[in-house]
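What follows is each chain in one-letter form.
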Amino acid sequence: MVNPIEVAGLSRRYGGPQGFEAVRDVSFTVRGGELFALLGTNGAGKTSTVEVLEGLARPSAGTVRVLGHDPYRERAKVRPRTGVMLQEGGFPSDLTAAETLRMWAGCTTGARPVAEALDLVGLAGRAGVAVKRLSGGERRRLDLAAALLGRPAVLFLDEPTTGLDPESRRATWDLVRSLLNEGTTVLLTTHYLEEAAELADRVAIMHAGSIVLSGTPAEIAAAQPSSISFELPVGVTVADLPALSGEWSTGPAGRTSMTTARLQADLGALLAWADARDLTLPGLDARSGSLEEAFLAVARRERATAAGPAAKRGGTARRGFGRRGDRNEVAA
Ligand SMILES: Nc1ncnc2c1ncn2[C@@H]1O[C@H](COP(=O)(O)OP(=O)(O)OP(=O)(O)O)[C@@H](O)[C@H]1O
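Residues numbered from 1 in each chain as written. Predicted model: local features only at pLDDT ≥ 70, side-chain atom pairs only at ≥ 80, totals over all residues.

## Thoughts on the overall build of the protein chain
- Helix and strand counts for the protein chain come out as 10 helices and 13 strands.
- Along the longest, intermediate and shortest principal axes, the C-alpha atoms of the protein chain span 75 × 50 × 40 Å.
- Contacts in the protein chain between residues far apart in sequence, at least 24 positions, make up 70% of those at least 6 positions apart. (Helix = DSSP H or I, 4+ residues; strand = E, 2+ residues; numbered from the N terminus. Contact = placed C-beta atoms within 7 Å.)

## Here's the deal with the nonpolar core
- Counting 67 residues, the largest nonpolar core has A37, L101, L118, A145, L187 and I205 as the members making the most contacts within it.
- Top contributing element to this core by residue count: helix α5 (residues 136-148), with six residues.
- Not counting residues up to four positions away in its chain, the partners in contact with A145 are L101, A117, L118, L120, V121 and L123. (Core = buried A, V, L, I, M, F, W, Y, C linked by C-beta atoms within 7 Å. Buried ≥ 20, exposed ≤ 12 C-beta atoms within 10 Å, placed from the backbone.)

## Considerations on the sheet that holds strand β9 (residues 210-215)
- Taken together, the six strands give an open sheet; going across it, the order is β5-β6-β7-β3-β8-β9, and neighbouring strands pair in mixed fashion. Every other strand in the sheet has two partners, leaving β5 (82-85) and β9 as the edge strands with one partner each. When strand polarity is set aside, the average angle formed by the axes of neighbouring strands in this sheet is 15°.
- Pairing of strand β3 (residues 35-40) with strand β7 (residues 185-189) involves four bridges; the strand directions are parallel. Paired with L35 across the strands is V186, a residue of β7.
- Most of the contacts of α5 go to β5, to which it runs at about 165°, and overall it touches β5 and β6 (154-158). (Pairing = 2+ DSSP bridges. Axes fitted to C-alpha atoms, helices over the stretch in contact; angles between N-to-C directions.)

## Some thoughts on the domain arrangement of the protein chain
- In terms of domain boundaries, the protein chain breaks down into domain 1 (5-221) and domain 2 (226-287).
- When each unit is reduced to the centre of its C-alpha atoms, the spacing between domain 1 and domain 2 is 43 Å. (Domains from an automatic or database assignment.)

## Structural notes on the sheet that holds strand β1 (residues 5-14)
- Read from one edge to the other, the open sheet built from three strands follows the order β2-β1-β4, with strand pairing classed as antiparallel. Single-partner strands in this sheet number two, and they are β2 (20-30) and β4 (61-66). Along the sheet, successive strands turn relative to each other by an average axial angle of 25°, direction set aside.
- Direction of pairing for β1 relative to β2: antiparallel, over a ladder of seven bridges. When the bridges of β2 are listed, R13 appears paired with E21.
- Relative to β1, helix α1 (residues 46-53) is tilted by about 120°, and along the sheet it contacts β1, β2 and β4.

This is how it looks when you write it as structure tokens:
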């Protein structure tokens, strides 16, 4: 069976052949009923990638297939079976929420009843309110309702919960989970790592137009080192601490920390050392690697790259990071 989303060697350039390459040789597949999350810092190329999948732009190189079709050339075949929630919906501000969806339903094959779509996103009580009077979070939910009108087989969600309060965000997650259970395939971009960890079957972290890390959230987290940190007790210096598998260092906030691939053994040894001296380690924190750590490591490398002489994108010198063959993939 064909995967609902197939991306092979995708590149996207703005400004013609000599222009700026925002997406470079990106490949991934999304299986049926799966949620795939694209993560990355601002400007990493997520939206530029998703726009090609949505059929809004043509690739400069490579191929994309959505439900087995080219979403740009075969838009008429793909569009009725996909739902798209852009970063900005841009609905006319004088129409009410219900009128907006009715207008949208007019252009949608086999649309759900408007009342059902409003109910799904928790806006049933706001049906008669003009878009301009909805809060930012309510507008975001109206965008989602519009994307769901056509009962799409493939749903593109570009930062769907930006501006939502924590309760609405969780309600949206529940809705996305129920759509996944019904077999919908979802491509999500988000800046909320908790959201990706909650919802995604697989994630890819983009940097400077390329995928630099991909796998399940658990695989990515497990590939990150764990850490131990605490405040030095009075009268103790870093030199007094036991020698463990990592190096101790003291950060600007005065916390002493160590990264380790052997969290349990190192933590046990540290606690035994403290017990033997009757010491309390204030603010002791021990944590396993996380998706957030992986993301921050990518962002740190980005800053280091940007500070170096090879920082210019679109030029020839882009040393070391994110190049083909230089990827840090946890799993393909
Ligand atoms: N129309 C355009 N013309 C030229 N450059 C563009 C255009 N649109 C985006 N870019 C550039 O392409 C790069 C990728 O942008 P894109 O919007 O895809 O990133 P993103 O990962 O979605 O970022 P964000 O998280 O901020 O939404 C950025 O450097 C951006 O400035």
